[in-house]
Amino acid sequence: MLVRELHGRPSTAEEAEAIQDRLRPMLELDVPGPGAPRTVAGLDVSYAGDGGGAGTRLAAAVVVLDGTTLEVLEESVALGTAAFPYVPGLFAFRELPTLLDALRDLKTTPDLLVCDGFGVAHPRRFGLACHLGVLTGLPTVGVGKTAFIGAYEEPGARRGDASPLLDGGEVVGRVLRTRDGVKPVFVSVGHRVDLDTACRNVLALTPEYRLPETTRRADRLSRDALSSGGAG
């Protein structure tokens, strides 16, 4: 699939922040997005060791699922190394080069991308989901396991209960319960999808478990690839 080349690899935190500032106006955040996507891709990255530092070995996986049956339609894995040191708010730059390699190898262009991370629920309102959305032009959602920024009230205990994730008085995401009595996930939009549609899609992707099937399967694929040292 097509991925646009809109910037090079930054060498400093200042360069990385400048890229985020330059690309952020390209976001489309008031678009309804796909309510019933035919294909949904999950993206995840696994790291060797503790994952710290630049140059750490990693595997990036993309798994495309049928939007209705959640059956796997296509898989792509790329091996690489972390391209940037760990800096809070700039985590996307560690993973992007290898993730983009995996995306480029896809024959399918998904209707929706679901990232293990954040979209506008980010200090600079430009997390990994935003970055991937701008580079691919696709509707993109971030689903985090824990909150990165913001404050919230605990949502109700039932599946589908939710509460706003707030940062400086701005709604930057939603705390969504995907299973009864289980910890919620943190949903934020990345590009070309609104928050209501993003949450409906996340619920559709969590018929049995807390995390979306997209995330679960991409995580498993990336871990397997990292342990075996293979890609394809």
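What you see is a predicted model, and the numbers here were worked out from it, not measured in a lab.

### A word on helix α2 (residues 92-104)
Here α2 is 13 residues long and its end C-alpha atoms lie 17 Å apart, about the 18 Å a rise of 1.5 Å per residue gives. Across the 13 residues of α2, 11 count as buried, placing the element largely inside the fold. Among all positions in α2, only Ala92, Phe93, Arg94, Glu95, Leu96, Pro97, Thr98, Leu99, Leu100, Ala102 and Leu103 are buried. Its buried side turned inward, α2 meets α1 (13-23), β1 (39-47), β2 (57-66), β3 (72-81), β4 (112-115) and α3 (128-136).

### A few points about unusual backbone geometry
Its identity as a non-glycine residue notwithstanding, arginine 125 has a phi of 60°, on the positive side. Despite not being glycine, arginine 192 shows a phi value in the positive range, around 60°. Here arginine 192 lies in the loop between β8 (185-191) and α4 (195-204).

### Considerations on the pattern of salt bridges
One pass over the structure, following the stated rule, counts 16 salt bridges. Where arginine 124 meets aspartate 21, a salt bridge forms, and the shortest distance between an N and an O atom there is 2.7 Å. Here arginine 124 is found in the loop between β4 and α3, whereas its partner aspartate 21 is found in helix α1, with 103 residues between them in sequence. A salt bridge links arginine 174 to aspartate 196, with the shortest nitrogen-to-oxygen separation between them at 2.9 Å. Of this pair, arginine 174 sits in strand β7 (residues 170-176) while aspartate 196 sits in helix α4; the two residues are 22 residues apart in sequence, bridging distant segments of the chain. Among the ionic contacts, a cluster of salt bridges with common partners joins Glu17, Asp21, Arg24 and Arg124.

### What to know about the UniProt feature "binding site: Mg(2+)" (unreviewed entry) in the protein chain
Per the UniProt record, "binding site: Mg(2+)" (unreviewed entry) is annotated on Asp44 and Asp116. These residues run over 73 residues, yet every pair of their C-alpha atoms falls within 5.8 Å of each other. Considering the arrangement of structural elements, one finds aspartate 44 in strand β1. Setting aside chain neighbours within four positions, we find aspartate 44 in contact with Ala59, Ala60, Ala61, Leu99, Asp116, Thr215, Ala218, Asp219 and Ser222. Its location among the elements puts aspartate 116 in the loop between β4 and α3. For aspartate 116, the residues in contact, after removing those within four places along its chain, are Leu43, Asp44, Val143, Lys145 and Thr215.

### Observations regarding helix α5 (residues 213-228)
Here α5 contains 16 residues, and its C-alpha end-to-end distance of 22 Å stays within 8% of the 22 Å for a straight helix at 1.5 Å per residue. What α5 keeps buried is the set Glu213, Thr214, Thr215, Ala218, Leu221, Ser222, Ala225 and Leu226.

### A short note on the UniProt feature "site: Interaction with target DNA" (unreviewed entry) in the protein chain
Here, the residues flagged by UniProt with the feature "site: Interaction with target DNA" (unreviewed entry) are Tyr86. The residue tyrosine 86 is located in the loop between β3 and α2 in this model. Setting aside residues no more than four positions away along its own chain, tyrosine 86 makes contact with Phe91 and Arg94.

### A short note on the pairing of β2
For β2, the tally of buried residues reaches eight of 10 residues, placing the bulk of the element in the interior. Looking at chain direction, β1 and β2 are connected through nine bridges and run antiparallel. Bridge pairing in β2 places tyrosine 47 opposite leucine 58. Bridge analysis of β2 against β3 gives nine bridges, and the strand direction is antiparallel. Looking at the pairing, valine 64 lines up with glutamate 74 of β3.

Calculation criteria
For every chain, the first residue of the written sequence is number 1, and numbering continues from 1 onward in sequence order. Local features are withheld for residues below a pLDDT of 70 in this predicted model, meaning they are given only at 70 or higher, and side-chain atom pairs are given and counted only at 80 or more; totals for whole chains, interfaces and linings count all residues. Only hydrogens and water are set aside when side-chain values are computed; all heavy atoms of the structure are taken into account. Helix and strand definitions follow DSSP, with helices as H or I runs of at least four residues and strands as E runs of at least two, each counted in order from the N terminus. Here, expected helix span is obtained from the residue count minus one, scaled by 1.5 Å. Burial classification: accessible surface area is computed with a 1.4 Å probe over protein chains only, and a residue below 20% of its type maximum counts as buried, one above 50% as exposed, and the rest as partly exposed. Any two residues having at least one pair of non-hydrogen atoms within 4.5 Å are treated as being in contact. Salt bridge, as used here: a side-chain nitrogen of Lys or Arg that lies within 4 Å of a carboxyl oxygen of Asp or Glu. UniProt positions are given in the numbering used here, feature names are shortened, and annotations may be inferred rather than shown by experiment. The criterion for strand pairing is that DSSP finds at least two bridges linking the strands in question.

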